[in-house]
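Breakdown of the fold
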Amino acid sequence: MLDSIVTAAEGAEVGAVLLVSDGADRSKDATLERIAATGMRVHTVGVGTDDGFSDDAIVDVRADATGFVHQETRVRVELRSSKPRTTLTVFLRRDGEILEQVSVALDDTGKGYAELSFTPNRPGRAAYEVYLPSRGDDDVPENNVAAFLVNVRRDKLRVLHVAGRPSWDERFLRAFLKKDPSIDLVSFFILRTSTDLTMAAPGEMALIPFPTDELFSEHLESFDLVIFQNFNFGPYDMAPYLPRIRDYVRRGGAFAMVGGELSFAGGGYAETPLAEVLPVVMPPSSSSPARQFVFDRFRPVLDAAFARHPLVELRPDALGNQQAWARLSPVEGANVVDGVRPTGDVLLRHPTYPVAGGTLPLLVVAQVDRGRVLALTTDSSWRWGLTTGGATGDASAYGTFWDHALRWLAMDPLLDPTRLRVDAERLAPGESFDVQGVARDRHYIPLTEALAWTVERADTHAAVSAGTVRADARGGSRGVRRRPWRRGVPHHAQGPGGIALTEELFVVGAGASELANPWPNAALLRAVAERTGGKHFASLGDVPRLTDIDATRERVVGRKTMAPLATPWAFAILVALLAADWALRRRWGLR
């Protein structure tokens with residue numbers, strides 16, 4: 001309100017303003033002194049009354065713009081009600097799911113504060129809402145909801161690595177995980193089972209029993225990724241915990257199984273709940289070793305359908321990537337699987353060993369509900385580093401592969417096939433916004449045909465605006481969108497057949513608005529009129545004819561201040577003149 005008065009006075013010869021308002025001002029910069037400095041008279045007219053007015057409102061929401069995966073983030077909410085000393089319950093929700101609720105007792109002025117918390121479980125831009133249930137006599141229910149965004153990042157990738165026995169493969173993977181400062185590693189190298197016979201008391205043993213219950217009952221959800229490497233669950237009484245790992249994946253966790261004689265069917269996993277989320281179909285655990293393992297040496301070949309997948313992208317261009325894989329040292333042996341589940345994507349294969357649907361899969365990944373899984377059926381990927389480095393001088397392929405694998409499993413947004421980026425997180429209603437995107441299918445092949453985009457309301461999923469955009473040869477696109485709705489909405493890109501490829505969230509009208517403080521403020525209107533030499537009228541009926549309103553404007557064109565004796569030289573000359581006058585008068589005998 002006050003900001004608009006100052007704006008009206010700038011560069012205009014306006015003598016007076018007649019302001020009709022309820023006085024509920026939310027200006028950030030304007031003050032009474034700035035308005036008075038314009039020389040413009042402001043006559044104010046009050047509207048609205050708080051007699052019988054009833055409202056519960058969310059006045060302000062303060063949350064950190066950045067959050068971290070698996071770390072608690074707190075939100076401070078300022079509440080106000082027209083009914084002092086009442087109790088309000090404020091809720092925090094995301095995607096319609098209530099995360100927390102808090103009851104707040106308001107003070108004598110009807111104000112109160114609530115603190116809520118949430119723990120993000122994946123990186124990316126996330127939208128949250130705080131809201132008050134609307135009571136039947138609430139005159140302004142629109143101010144009961146406020147949305148905010150949090151950019152969720154990963155402080156460290158927390159990895160649980162369980163290996164069944166020592167090997168070169170275990171040693172290389174563990175060393176790779178340990179040396180990366182962005183990884184928080186919890187690693188177990190199993191050397192002792194609960195059935196081992198010992199000749200010493202447990203307190204005298206250096207090897208502690210595997211803490212199965214503590215890991216998989218208490219702390220499983222705190223890990224971003226669980227890796228079983230050549231590990232047989234049987235000797236550690238882990239069968240009751242395998243359903244927990246399965247459900248952990250479905251809720252958004254990540255799981256990788258690395259090959260060896262104790263993995264896949266060799267570790268007895270074919271008939272377990274964990275087989276429900278693994279992307280490969282295993283032969284029965286009772287089958288012969290010849291049915292479970294391949295013992296030859298071979299070079300894996302890229303599956304043509306997924307040659308652009310980031311897990312197998314050692315070089316950015318297709319030809320260079322093929323040549324890079326051809327230069328790698330061959331691996332030795334692999335676990336046999338009977339096939340791939342419908343959700344699985346085969347990235348590497350055995351060049352000749354036949355199975356249903358082609359040759360033996362070596363590297364398979366899949367999205368399982370909200371989580372991701374990886375199956376690597378060989379236990380000699382270390383040869384891509386040590387042996388290849390000795391032969392060619394370049395040992396980087398091993399690190400590149402596992403870096404991409406970990407980031408993909410942890411759902412790094414930069415490795416998603418399709419991405420959108422809105423240039424602003426918070427927009428005013430009707431404000432335009434810029435969108436940049438990369439559109440690729442699940443095979444990571446760029447989509448160059450026309451793509452549909454839509455803007456939807458997040459609460460009702462009703463389309464607000466829609467259109468099409470054509471991507472370039474790499475799947476990149478850029479455009480300007482207009483007309484967002486009043487509230488937070490996602491932006492979708494859709495592929496052939498109308499399948500939504502990805503979305504980006506932004507909030508329209510985020511945080512507190514003018515509706516958060518709808519009470520009339522006659523005192524502010526009177527102060528504005530008094531400070532500018534105007535008059536305040538209690539209602540429109542009290543306003544006289546416009547010609548009778550004083551519209552004169554005082555304008556200060558400038559001031560010039562002169563102080564000739566304010567300098568040291570002027571003071572010195574004055575003292576010298578007085579001293580000379582005194583000396584001459586003494587010489588002449590004058591008093």
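Scroll up a little and you will see the structure.
This report concerns the structure included in the present document.

Details of helix α3 (residues 168–179)
Taking 1.5 Å per residue as the helical rise, α3 with its 12 residues ought to reach 16 Å, and the 17 Å between its terminal C-alpha atoms agrees with that figure. In this structure, the buried side of α3 is in contact with β11 (157–163), β12 (183–189), β13 (225–229), β14 (254–258) and α9 (396–409).

Looking at the nonpolar core
Counting 83 residues, the largest nonpolar core has Phe216, Phe228, Met238 and Phe255 as the members making the most contacts within it. In terms of residue count, the dominant contributor to this core is α9 (eight residues). Filtering out sequence-adjacent residues up to four positions away, Phe255 remains in contact with Leu225, Val226, Phe228, Ile245, Val249, Leu274, Leu278, Arg372, Val373, Leu374 and Leu409.

Quick notes on the pattern of salt bridges
One pass over the full model with this rule turns up 28 salt bridges. Residue Asp184 is joined to Arg158 by a salt bridge in which the shortest nitrogen-to-oxygen separation is 3.0 Å. Within this pair, whereas Asp184 is found in strand β12, its partner Arg158 is found in strand β11, the two being separated by 26 residues in sequence. Residue Arg158 is classed as partly exposed on the basis of its relative accessible area of 23%. In the salt-bridge network here, residues are joined through shared partners; they are Arg246, Asp247, Arg250, Glu276 and Asp369.

With respect to the packing of aromatic side chains
Summed over all chains, the structure comprises 20 aromatic pairs. With a centroid separation of 5.1 Å and 20° between ring planes, the pair formed by Phe91 and Tyr131 is classed as stacked. Here Phe91 is found in strand β6 (residues 87–94), whereas its partner Tyr131 is found in strand β9 (residues 124–131), with 40 residues between them in sequence. Geometrically, the ring pair formed by Phe401 and Trp402 is edge-to-face, given 5.2 Å between the ring centres and 75° between the ring planes. Members of the aromatic cluster, joined through ring pairs, are Phe216, Phe228, Phe231, Phe233, Tyr236, Tyr241, Phe255 and Tyr269. Above the ring of Phe223, the side-chain terminus of Arg158 is found at 4.5 Å from the ring centroid. Here the basic side chain of Arg372 rests over the ring of Trp408, its NZ or CZ set 4.6 Å away from the ring centre.

Describing helix α10 (residues 522–532)
Turning to α10, its buried residues number three or more, namely Leu524, Leu525, Val528, Ala529 and Thr532. Relative to the axis of α10, the buried residues are bounded by an arc of 135° and lie together on one face. Looking one or two residues past α10, Gly533 carries a phi angle of roughly 80°, positive in sign.

Examining the sheet that holds strand β10 (residues 145–153)
Strand order in the open sheet formed by five strands is β4-β10-β9-β6-β7, and the pairing between neighbours is mixed. The open sheet terminates on both sides in strands that have one partner only, identified here as β4 (66–68) and β7 (97–105). Averaged over all neighbouring strand pairs, the angle between strand axes comes to 30°, with direction disregarded. Bridge analysis of β6 against β9 gives three bridges, and the strand direction is antiparallel. For Phe91, the partnering residue across the bridge sits in β9 and is Tyr131.

What about the sheet that holds strand β20 (residues 344–355)?
Ordered by their spatial adjacency, eight strands build an open sheet running β12-β11-β13-β14-β22-β21-β20-β17, and the pairing between neighbours is mixed. Strands at the two margins of the open sheet, each flanked by one partner only, are β12 and β17 (301–302). As paired strands, β11 and β13 are joined by five bridges and run parallel to one another. Bridging from a neighbouring strand, Val162 pairs with Phe228 of β13. Sheet strands touched by helix α5 (residues 242–250): β13, β14, β21 (358–368) and β22 (371–376). Its angle to β22, the strand with the most contacts, is close to 120°.

Rules behind the numbers
Residues numbered from 1 in each chain as written. Predicted model: local features only at pLDDT ≥ 70, side-chain atom pairs only at ≥ 80, totals over all residues. Heavy atoms only, no water. Helix = DSSP H or I, 4+ residues; strand = E, 2+ residues; numbered from the N terminus. Expected span 1.5 Å × (residues − 1). Contact = heavy atoms within 4.5 Å. Core = buried A, V, L, I, M, F, W, Y, C linked by side-chain atoms within 4.5 Å. Buried < 20%, exposed > 50% of the residue type's maximum accessible area, 1.4 Å probe, protein only. Salt bridge = Lys/Arg side-chain N within 4 Å of Asp/Glu carboxyl O. Phe/Tyr/Trp six-rings, centres within 6.5 Å; stacked < 30°, edge-to-face > 60°. Lys NZ or Arg CZ within 6 Å of the ring centre and 35° of its normal. Arc of directions from axis to C-beta. Pairing = 2+ DSSP bridges. Axes fitted to C-alpha atoms, helices over the stretch in contact; angles between N-to-C directions.

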